[in-house]
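# An overview of the molecular structure
Residues per chain, in single letters:
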Amino acid sequence: MRTINTNEMTQQFDNMFMAPVRAFAALNVDFAEKMFNAQLDASKAYVDTSMAQVRTLMDVKDAEGLRSYMEGQQKVAKELAERVKGDADKVVALQQDFMQQSQKLTEENVKQAQETATKMSKTA
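Here goes a summary of the coordinates provided. (Residues numbered from 1 in each chain as written. Predicted model: local features only at pLDDT ≥ 70, side-chain atom pairs only at ≥ 80, totals over all residues. Heavy atoms only, no water.)

## Describing the overall build of the protein
Secondary structure assignment for the protein yields 2 helices and 0 strands. Taking 2.2 N^0.38 as the reference for a compact globule, 124 residues should give roughly 14 Å; the C-alpha atoms of the protein span a radius of gyration of 27 Å, well beyond that estimate. Residue burial in the protein is summarised as follows: out of 124 residues, 14% are buried. Here the analysis covers contacts within the protein between residues at least 6 apart in sequence; of these, 78% occur between residues at least 24 apart. Summed over its atoms, the accessible surface of the protein is roughly 9,500 Å², and 61% of this surface lies on carbon and sulfur atoms. Across the protein, the 16 positively charged side chains and the 18 negatively charged ones have centroids separated by 5 Å. (Helix = DSSP H or I, 4+ residues; strand = E, 2+ residues; numbered from the N terminus. Rg over C-alpha atoms; globule rule 2.2 N^0.38 Å. Buried < 20%, exposed > 50% of the residue type's maximum accessible area, 1.4 Å probe, protein only. Contact = heavy atoms within 4.5 Å. Areas by Shrake-Rupley, 256 points an atom, 1.4 Å probe, with all protein chains shown as cover. Lys, Arg positive; Asp, Glu negative; His and termini not counted. Charge placed at Lys NZ, Arg CZ, Asp CG, Glu CD.)

## Focus: helix H1 (residues 6-58)
Spacing of three or four residues puts side chains on the same side of an α-helix, whose turn is 3.6 residues. Taking 1.5 Å as the rise per residue, H1 with 53 residues should run 78 Å; its terminal C-alpha atoms sit 74 Å apart, in good agreement. Every buried residue belonging to H1 is among Gln12, Pro20, Leu27, Met35, Ala38, Ala42, Ala45 and Gln53, and all of these are buried. (Expected span 1.5 Å × (residues − 1).)

## A look at the pattern of salt bridges
For the structure on display, the rule yields 7 salt bridges. Glu71 is paired through a salt bridge with Arg67; the nearest N and O atoms lie 2.3 Å apart. Of this pair, Glu71 and Arg67 both sit in helix H2 (residues 63-123), separated by 4 residues, roughly a single helical turn. Two residues, Glu79 and Lys75, come together in a salt bridge whose shortest N-O distance is 3.9 Å. Of this pair, Glu79 and Lys75 both sit in helix H2, separated by 4 residues, roughly a single helical turn. Among the charged side chains, a network of salt bridges with common partners joins Glu64, Arg67 and Glu71. (Salt bridge = Lys/Arg side-chain N within 4 Å of Asp/Glu carboxyl O.)

Structure below.
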């Protein structure tokens, strides 16, 4: 029977508990950053579109200008709807990627824990 020294115990503790916690924390931080950036990009695009529309409306000086502005609103609405769909698709893709990476990380950690437990039972 072999005695486990303090360094081995520390390493086993790190392998079984702290390394998985760090890996999940890194995955969560990465996901949060990607989501924040996606939301920031979308918000900026929506604000830019709104400001451009207000500026265009401020340039209207007559009935012809108002008619032209109103016709342009259909194009803007279509572009905005496409942007919203694209942003929603991006968020879904980020969430799916996060779930896949979480599942993979969980499977790897379970396998590592089983291997460590097997090693510990053999040394006990």
